[in-house]
Amino acid sequence: MIISKRMNKIKPSPTLAVSARAKAMKARGIDVIGFGAGEPDFDTPENIKRAAIKAIEDGFTKYTPAGGIEELKKAVCEKFKKDNNLDYDTNEVLISCGAKHCLYNICQALLDEQDEVIIPSPYWVSYPDMVYLAGATPVFIETQEKTGFKITAEDLSAKITSNTKALILNSPSNPTGASYTKDELKQIADVVMDRGITVISDEIYEKIVYDSFEFYSIATVEPGVKNQAIIVNGVSKSYSMTGWRIGYVAGPREIITAMTNIQSQSTSNPTSIAQKASLEALSGPQDFITEMLGAFDKRRKYMVERLNSIPGFSCYNPTGAFYTFPNVSGVFGKKSAKHEIADSSSLAKYLLESSHVAVVAGLGFGADSNIRLSYATSFENIEKGLNRIQKAIEELE
Ligand SMILES: *Cc1c(COP(=O)(O)O)cnc(C)c1O
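Residues numbered from 1 in each chain as written. Predicted model: local features only at pLDDT ≥ 70, side-chain atom pairs only at ≥ 80, totals over all residues. Heavy atoms only, no water.

**With respect to the pattern of salt bridges**
Applying the stated rule across the entire model yields 19 salt bridges. Lys 79 serves as the salt-bridge partner of Asp 83, at 3.4 Å between the closest nitrogen and oxygen. You can see Asp 83 and its partner Lys 79 sitting in helix H3 (residues 70-84), 4 residues apart, about one turn around the helix. Overall, Lys 79 belongs to the buried group, its relative accessible area being 4%. A salt bridge links Asp 83 to Lys 207, with the shortest nitrogen-to-oxygen separation between them at 2.7 Å. With Asp 83 in helix H3 and Lys 207 in the loop between strand E6 (198-202) and strand E7 (229-234), this pair connects stretches of sequence that are 124 residues apart. For Asp 83, a relative accessible area of 28% translates into the label partly exposed. Linked through salt bridges whose partners overlap, the residues forming this network are Lys 79, Lys 82, Asp 83, Glu 206 and Lys 207. (Salt bridge = Lys/Arg side-chain N within 4 Å of Asp/Glu carboxyl O. Helix = DSSP H or I, 4+ residues; strand = E, 2+ residues; numbered from the N terminus. Buried < 20%, exposed > 50% of the residue type's maximum accessible area, 1.4 Å probe, protein only.)

Shown next as structure tokens:
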């Protein structure tokens, strides 16, 4: 069978691949410590589960409008008002099957063949592939650890050409945990407005921030920038609901309408039951987030300190999300009996095979000097896993 040319540039998500490999080893009885997880390790809160059960019992199990139910859209609008002081109408909101699906729909609705999309690197693994799937071209801006893995207004300005359609911004970032301050966003927003491009803002980690970092949506930092902004968010990370597959997007009505049309011709509505559960997540009690953040914060501090004490590793202190992204290039060139560490992938392979620790190679995020470790796993696992990594690194020659 001949596969479409479009697929030549598309690879499977490397983060999902690591999780799958670690799971397969576990199934064979191997005691694997997984740092690959891109999801909170907590259970979905009880009140949310009950809302889903009630939806089933009430027979809310049929098609809904393709773009999601009106009451959930209303709850999303209220969330934007309450958390971000952003005014959206329900016809400027779309509910999709996860934030990932929102981003996919955006690329399909916004991009043409000659278009370029600017993506700061390191980036979330799916952005470039989604841009390719729309036939457009990703253009990367390399960021540096010493400047907090963030782009500046000048960096952005320098990459904009007459073909630039959009910038994808992800703050707090997966994988780096870098988060943009209000002032930094303002400077980027000025360039976005000046040059007439669209900013796609992935705000899925909005609520997962530390050290009293204050989150701002780029749509709020300058008057008028909202007209050029598409905001993506969802319930997966904040409410530990990754399997429920509900994300939402807000933006100018014409793009939302286009995306709704795409959705009506592809997936139809996101699961009716999960929509009811998400309604409860957004409008019910919010204490779950505070509890989860407390646990994440303890693990974050411990992990950063331990990683920095491993010879050849240096780890930036993330202000958001639940990942550390140490630079491991200090061990490149070292060897064990069976492994030669040349890059992030060979290090990840060595750690998995020799110590049964799963980490994600930075290559998939555009950073081959780094690896990503999620701290969305128990403190006990973190301690055990870091002991194993430390030992494995110390055994290299
Ligand atoms: C997890 C994640 C998403 C996707 O979330 P879903 O709502 O589960 O699809 C999008 N962007 C980033 C940066 C993520 O880490």
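**Quick word on the domain arrangement of the protein**
In terms of domains, the protein is made up of domain 1 (5-43 + 288-394) and domain 2 (46-283). Centre-to-centre, using C-alpha coordinates, domain 1 lies 26 Å away from domain 2. With 40 residues of domain 1 at the contact, the number on the domain 2 side is 34 residues. Taken together, both faces of the contact between domain 1 and domain 2 bury some 3,100 Å²; the carbon and sulfur share is 58%. (Domains from an automatic or database assignment. Contact = heavy atoms within 4.5 Å. Buried area = accessible area lost by both parts, 1.4 Å probe.)

**A word on unusual backbone geometry**
A cis amide bond links Ser 121 to the next residue, Pro 122, at an omega of 0 degrees. Looking at the element boundaries, Pro 122 is found in the loop between strand E3 (116-121) and helix H5 (126-133). Although it is not a glycine, Ser 240 sits at a positive phi angle of roughly 50 degrees. In this structure, Ser 240 sits in the loop between E7 and strand E8 (247-250). A positive phi is found at Ser 268, a non-glycine position, where the angle reads about 60 degrees. Its location among the elements puts Ser 268 in the loop between helix H8 (253-264) and helix H9 (272-283). Overall, the relative accessible area of 28% leaves Ser 268 in the partly exposed class.

**Thoughts on the pairing of strand E5 (residues 164-170)**
Counting buried positions along E5 yields 6 of 7 residues, so the element is predominantly enclosed. Summarising the sheet, E3 and E5 pair through 3 bridges and their orientation is parallel. The residue bridging Ile 118 from the neighbouring strand is Leu 167, located in E5. Here 5 bridges tie E5 to E6, and the two strands are oriented parallel to one another. When the bridges of E6 are listed, Asn 170 appears paired with Asp 202. Taken together, E5, helix H7 (residues 182-195) and E6 constitute a β-α-β crossover, and its handedness is right-handed. (Pairing = 2+ DSSP bridges. Right-handed = clockwise from strand over helix to strand, strands pointing away.)

**Describing the site of the ligand**
Taken together, 13 residues lie near the ligand, and Ala 99, Asp 202, Tyr 205, Ser 236 and Lys 237 sit nearest. In this structure, an oxygen atom belonging to the ligand sits 2.6 Å away from a main-chain N or O atom of Ala 99. Between the ligand and the protein, one listed contact pairs an oxygen atom with a side-chain N or O atom of Asn 174 at 2.8 Å. If the ligand stood free it would expose 390 Å²; the protein chains cover 94% of that surface. (Near = heavy atom within 4 Å. Polar contact = N/O pair within 3.5 Å; in protein donor to acceptor, adjacent residues only side chain to side chain. Areas by Shrake-Rupley, 256 points an atom, 1.4 Å probe, with all protein chains shown as cover.)

**Brief notes about the packing of aromatic side chains**
Taken as a whole and assessed by the stated rule, the structure comprises 16 aromatic pairs. Between Phe 42 and Phe 296, the aromatic rings sit 5.7 Å apart at their centres with planes inclined by 65 degrees, giving edge-to-face as the arrangement. Of the two residues, Phe 42 is situated in the loop between strand E1 (33-34) and helix H2 (46-57) and Phe 296 in helix H10 (residues 287-308); the sequence distance between them amounts to 254 residues. A relative accessible area of 0% places Phe 296 in the buried class. An angle of 85 degrees between the planes, with centres 5.5 Å apart, marks the rings of Tyr 205 and Phe 322 as edge-to-face. Placement of Tyr 205 in the loop between E6 and E7 and of Phe 322 in the loop between H10 and strand E9 (323-324) is noted, with a sequence separation of 117 residues between them. The residues Tyr 205 and Phe 322 share a single accessibility class, namely buried. The residue whose ring lies beneath Lys 226 is Tyr 88, and the NZ or CZ to ring-centre distance is 4.6 Å. (Phe/Tyr/Trp six-rings, centres within 6.5 Å; stacked < 30°, edge-to-face > 60°. Lys NZ or Arg CZ within 6 Å of the ring centre and 35° of its normal.)

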